[in-house]
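Read off the chains here:
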Amino acid sequence: MPLPPSIPPGKHSWRDYALLLALACCWSSTYPLTKIGLGSIPPITFISARSLIAAAFLLVILYARGLRLPIDARAWKLFAFQQSINSTIPFLMITWAQQYVPASSAVVLASTTPIFAFLITWGITRHEPATLLKLVGAILGLAGTAAIIGLDALGGLSKDVFAEIVILVATLSFACATIFGLRLTDYDPMVVVAAGSLLFGGFVLLPASLIVDHPWTLRPTAEALAATVAMGIFSSAFGLMLFYMCLSRLGTLTTNAQGYLRIPIGVGLSVLLLGESVPANLALGLLLVMAGVAAMTIPGDRYGKWIDRLRGRSKARQP
């Protein structure tokens, strides 16, 4: 396929970074909401239901704005491919792998998305600058994630190599999706692409849900139903809208930095909603994560200006 369009260099405002933080908050909610939902709803039905709920929500917004979904085959091929590599396939792979890999180890493995995105951008697509500073940021963020989850999580690795490889392949799929998403600029990314992608993802899993899970026989709890609706609207609908907005404004490498922000936010939500304990290394992990995100998001020339200012002040203080 053709390479994605290049991201023109430019200064980003605080609003762009606020969108990135909002995206991290939306997608962080997937951790506790998924745990609540899967308590009484099987994975395939859960993913299909949340996708269809999100698509219905976005279709209401779409028609309220006077927009319509495209009907040409090219658009739906793009939507289908994007949803497959950004949601349907990787989510199913990770859900299956978590039967054999501890949740803490899965989080560490799934946090390699920024590194994969960097390597693909640097070695293949080169649609935006893949600087050494951004690579350092990706490594710092991964180290912060490992610190938050706990270094003992790394001890759980290599017990089931195949399941761990499956998670890494899913993570690689996420990285490819952020790059391929730049090719969808012909359509309104905030609503049209998000709605079309989610609609495809929900319907493609619906037959499997009917055959495998027999959803009419399920007895989901009120908490699981509320989690499914909340995940559909906030994590999927709003999250995907913000994802495409960040892609168009910040590019792939900076957008992927939200993957690290999701970890401390997700841990906080788990503590708040599920009563889980606060990790012992939370402060150290947060420091490393924020340093990594700063290295990946703040333009390199600003660091140079800050250093020059500090040098100027130090010289001014000298007698």
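In case you missed it, the structure is sitting above this.
Only a predicted model underlies this, so the values are computations on that prediction, with no experimental measurement involved. (Residues numbered from 1 in each chain as written. Predicted model: local features only at pLDDT ≥ 70, side-chain atom pairs only at ≥ 80, totals over all residues. Heavy atoms only, no water.)

Peer 1: Quick one: what's the story with helix 10 (residues 222–250), residue by residue and with numbers?
Peer 2: Counted at 1.5 Å a residue, the expected span for helix 10 with its 29 residues is 42 Å, and the 39 Å between its end C-alpha atoms agrees. Positive backbone phi, at 90°, marks Gly-251, one or two positions downstream of helix 10. (Helix = DSSP H or I, 4+ residues; strand = E, 2+ residues; numbered from the N terminus. Expected span 1.5 Å × (residues − 1).)

Peer 1: Any details on the nonpolar core? Residues and values, ideally.
Peer 2: Formed by 29 residues in total, the largest nonpolar core has its most connected members in Leu-58, Leu-240, Phe-243 and Tyr-244. Among the elements of the structure, helix 1 (14–28), helix 3 (43–64), helix 4 (73–97), helix 9 (189–213) and helix 10 are those that each provide at least two residues to this core. At 10 residues, helix 10 tops the list of elements feeding residues into this core. (Core = buried A, V, L, I, M, F, W, Y, C linked by side-chain atoms within 4.5 Å. Buried < 20%, exposed > 50% of the residue type's maximum accessible area, 1.4 Å probe, protein only.)

Peer 1: Requested: an account of the environment of Ser-51, with residues and values cited.
Peer 2: Of note, Ser-51 is situated in helix 3. Aside from chain neighbours lying at most four places away, what touches Ser-51 is Gln-83, Leu-198, Gly-201 and Gly-202. At 2.9 Å, the side chain of Ser-51 and the backbone oxygen of Ile-47 are in polar contact. (Contact = heavy atoms within 4.5 Å. Polar contact = N/O pair within 3.5 Å; in protein donor to acceptor, adjacent residues only side chain to side chain.)

Peer 1: Before we move on, could you go through the side chain of Asn-86 and cite the residues and values that matter?
Peer 2: Mapped onto the secondary structure, Asn-86 falls in helix 4. On the basis of relative accessibility, which here comes to 8%, the residue Asn-86 falls in the buried class.

Peer 1: An account of the side chain of Ser-235 is needed here, citing residue identities and associated values.
Peer 2: Secondary-structure assignment places Ser-235 in helix 10. Ser-235 gets classed as buried once you look at its relative accessible area, which sits at 2%. Polar side-chain contacts of Ser-235 include one of 3.2 Å to the backbone oxygen of Cys-26.

Peer 1: Account for the packing of aromatic side chains, naming residues and giving values.
Peer 2: Counted under the stated rule, the structure contains 5 aromatic pairs. For the ring pair Trp-76 and Phe-79, a centre distance of 5.4 Å and an interplane angle of 80° mean the geometry is edge-to-face. Here Phe-79 and Trp-76 lie together in helix 4, a separation of 3 residues that amounts to about one turn. Trp-76 gets classed as partly exposed once you look at its relative accessible area, which sits at 24%. Within the aromatic cluster, the residues linked to one another by ring pairs are Trp-27, Phe-243 and Tyr-244. (Phe/Tyr/Trp six-rings, centres within 6.5 Å; stacked < 30°, edge-to-face > 60°.)

Peer 1: Describe unusual backbone geometry, with residues and values.
Peer 2: At His-214, a position not held by glycine, the phi torsion is positive, near 45°. Tracing the sequence through the fold places His-214 in the loop between helix 9 and helix 10. Classification of His-214 by relative accessible area gives partly exposed; the value is 35%.

Peer 1: So what's going on with the environment of Gly-144? Which residues, and what values?
Peer 2: Tracing the sequence through the fold places Gly-144 in helix 7 (residues 132–149). Judged by relative accessible area, Gly-144 falls into the buried class, the value being 0%. Residues Gly-144 and Ile-263 lie 119 residues apart in sequence; the distance between their C-alpha atoms is 9.1 Å. Apart from the residues within four sequence positions on either side, Gly-144 is in contact with Gly-285, Leu-288 and Val-289.

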